[in-house]
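Take a look at the letters that make up each chain.
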Amino acid sequence: MDLEAHLADLVRQGDPDRFIATLYAPQQCRRALLALYAFALEVGSVRDRVREPMAGEFRLQWWRDIIEAGGEAGQGSPVAEGLLAAMAAHDLPSQPLLDLLDARIFDLYDDPMPSRNDLEGYCGETSSTIFQLAALILDPAAARGTADLSGHAGCAHAIAALASSLPRQLARGQCFIPLDILAAVGTGPQALVERSDADAATRAVAAFAALGHEHLEAFRQQARTMPVQLRPAFLPVAMTKVYLDKVTARPDTALAGIAGVSPLRRHWRLLRHAMRGWT
C-alpha cells in the first residue's frame, strides 16, 4: 500500500467527515490534507492508547522531536513521513503544530477545564489549527484572512466532538465541560463523572452544546464570503450542526451516547455544502 492510500485508510476509519471532505479538494492537495488529518487523529487519540500519562507525554515529545528535526526524521512512520512531506511541499509553519502537541498534554490527565476561555483556547490550538493549516494547503493567499473563521470552526467542531464523546470521557474520570459552565447550572465535574445529579447533568450538557452552537453561528456568518477554493478545508463543519443538534435535542441522553450519522446523510450534507457553501 502506498503512502497516500495508507493515510486515506487511516482517515477514512478515524474521521470519515474529513475523509469525504478531502475528496472535494484538488488532487495535488489530497495527500498533504490526509497527512495532516492522520496526524491530528494520532495525537488526538494518545490518551486512548496509553496506560499512564507519562507514556503519553513521551509520545507527544516524540512528535515534537520529529517536527523540529524535519527532513527525513519521520522515516519508519507513514504518518510522520506524510506530515513532514506536507510541511515541506506547502511551507506549513511548525509552531502551530508544536502548540497543538503542548495542548494535547491536557488530554492525558483528569484536571478539570477551568473556564470557557480555557476551553476556547484548547479548541483553538487543537482543532482550529487543523482548519487553518488545511486552508493553507489549499490556497495560501486566500487562507491568510481566515484566522477568525478557523477559530470559530475549530471551537464548534471540537465542542461537538467532545459533547458526542461524553460517555468515554466520564468513564475515565475526565470532564471537558468547563467549571464555570458547570457552576452556572449548579453542579461540578465530580457529580458529572459520578452521574449523581441527572437534572444538573442535563443542564450542563445543554449549556455546553449551546456554546458550540454559538461558535457555529459565528462561523456560518463569516463563511458566506469564504473563497470557494477553501471549502474543502471547512466542509467538516457542515456535520457539526448535525452532532450539536442531536445533543441539543436530547441532552439527557448524551451521557449514554449519541447515535451516529448514516453514511448517506453524511455524503449528502457534505456534497450540498461543497456545491453551495454556507450561503
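Okay, so let's go over this structure. Each chain has its residues counted from 1, running along the sequence as written. Selection of residues for local features in this predicted model requires a pLDDT of at least 70, selection of side-chain atom pairs for listing and counting requires 80 or more, and totals for whole chains, interfaces and linings are taken over all residues. Processing note: side-chain calculations cover all non-hydrogen atoms of the structure and skip hydrogens and water entirely.

## Notes on the overall build of the protein
Each helix and strand in the protein was counted, giving 17 helices and 0 strands. Here the C-alpha atoms of the protein give a radius of gyration of 18 Å, agreeing with the 19 Å that 2.2 N^0.38 yields for 279 residues. Projecting the C-alpha coordinates of the protein onto the three principal axes gives extents of approximately 50 × 45 × 30 Å. Relative to its full complement of 279 residues, the protein shows a buried share of 51%. The contact rule is simple, with two residues in contact once any of their heavy atoms fall within 4.5 Å. Once local pairs closer than 6 in sequence are excluded, the contacts in the protein between residues at least 24 apart make up 71%. Shrake-Rupley sampling with a 1.4 Å probe provides the accessible areas, and residues are treated as covered by the protein chains on show and by no other component. Counting only carbon and sulfur atoms, one obtains 53% of the accessible surface of the protein, whose full area is about 12300 Å². Runs of E in the DSSP output that reach at least two residues are strands. Runs of H or I that reach at least four are helices, and both are numbered from the N terminus. Radius of gyration here is computed from C-alpha atoms only, and the compact-globule reference equals 2.2 Å multiplied by the residue count raised to the power 0.38. A simple rule labels every residue: compare its accessible area, found with a 1.4 Å probe on the protein chains alone, to the largest value its type can have, and call it buried under 20%, exposed over 50%, or partly exposed in between.

## Some thoughts on the nonpolar core
Ranked by size, the top nonpolar core spans 94 residues in total, and within it Phe39, Ile177, Phe219, Phe234 and Trp278 carry the most contacts. Apart from the residues within four sequence positions on either side, Phe39 is in contact with Trp63, Ile67, Val79, Leu83, Leu97, Leu100 and Leu101. Residues enter a nonpolar core if they are buried and are Ala, Val, Leu, Ile, Met, Phe, Trp, Tyr or Cys, with the set joined through side-chain atoms within 4.5 Å.

## What to know about the side chain of Gln174
Structurally, the position occupied by Gln174 is in the loop between helix H11 (166–171) and helix H12 (179–184). Polar contact is the term for a pair of N or O atoms within 3.5 Å; when the atoms are in protein, one must be able to donate a hydrogen and the other to accept it, and sequence-neighboring residues count only if both atoms are side-chain atoms. Of the polar contacts made by the side chain of Gln174, one reaches the backbone oxygen of Tyr109; its length is 3.3 Å. One polar contact links Gln174 to Arg172, side chain to side chain, over a distance of 2.9 Å. Once residues within four sequence positions are removed from consideration, Gln174 is found in contact with Arg47, Phe106, Asp107, Tyr109, Asp110, Gln169 and Val193.

## Let's talk about the side chain of Thr146
As for its placement among the helices and strands, Thr146 is situated in the loop between helix H9 (140–143) and helix H10 (147–164). At a separation of 3.4 Å, a polar atom in the side chain of Thr146 contacts the side chain of Gln132. A polar atom in the side chain of Thr146 sits 2.7 Å from the backbone oxygen of Ala143. Setting aside anything within four residues of it in sequence, one finds Thr146 in contact with Gln132, Ala135 and Leu230.

## Quick look at helix H7 (residues 95–104)
Within H7, the full set of buried residues consists of Leu97, Leu98, Leu100, Leu101, Ala103 and Arg104. Contacts from the buried residues of H7 go to helix H3 (27–44), helix H5 (53–69), helix H6 (78–90) and helix H8 (116–138).

## Notes on helix H1 (residues 3–14)
The span you would expect from a helix comes to 1.5 Å times its residue count less one. Counted at 1.5 Å a residue, the expected span for H1 with its 12 residues is 16 Å, and the 17 Å between its end C-alpha atoms agrees. Looking at the buried side of H1, the elements it contacts are helix H2 (16–22), H3 and H6.

## Brief notes about the packing of aromatic side chains
Stacked, edge-to-face and tilted labels apply to pairs of Phe, Tyr and Trp rings (six-membered ring for Trp) whose centres lie within 6.5 Å, assigned for plane angles under 30 degrees, over 60, and everything in between, in that order. Per the counting criterion, the structure on display carries 8 aromatic pairs. When the ring of Tyr122 is compared with that of Phe176, the centres are 5.5 Å apart and the planes differ by 40°; the resulting orientation is tilted. With a gap of 54 residues between them, Tyr122 in helix H8 and Phe176 in the loop between H11 and H12 connect regions that are remote in the sequence. Ring centres 5.7 Å apart and planes at 5° place the aromatic pair Phe131 and Phe234 in the stacked group. Residue Phe131 is located in helix H8, and its partner Phe234 is located in helix H15 (residues 231–234); the two are separated by 103 residues in the primary sequence. You'll find Phe131 and Phe234 in the same group, each marked buried. Following the ring pairs from residue to residue traces out a cluster consisting of Phe131, Phe219, Phe234 and Trp278. Directly above the ring of Phe131 sits Arg18, whose terminal nitrogen or CZ lies 4.6 Å from the centroid. Throughout this description, the term charge over a ring refers to an Arg CZ or Lys NZ atom that lies within 6 Å of the ring centre and within 35 degrees of the ring normal. Cation over ring: Arg59 sits above Trp62, and NZ or CZ is 4.4 Å from the ring centre.

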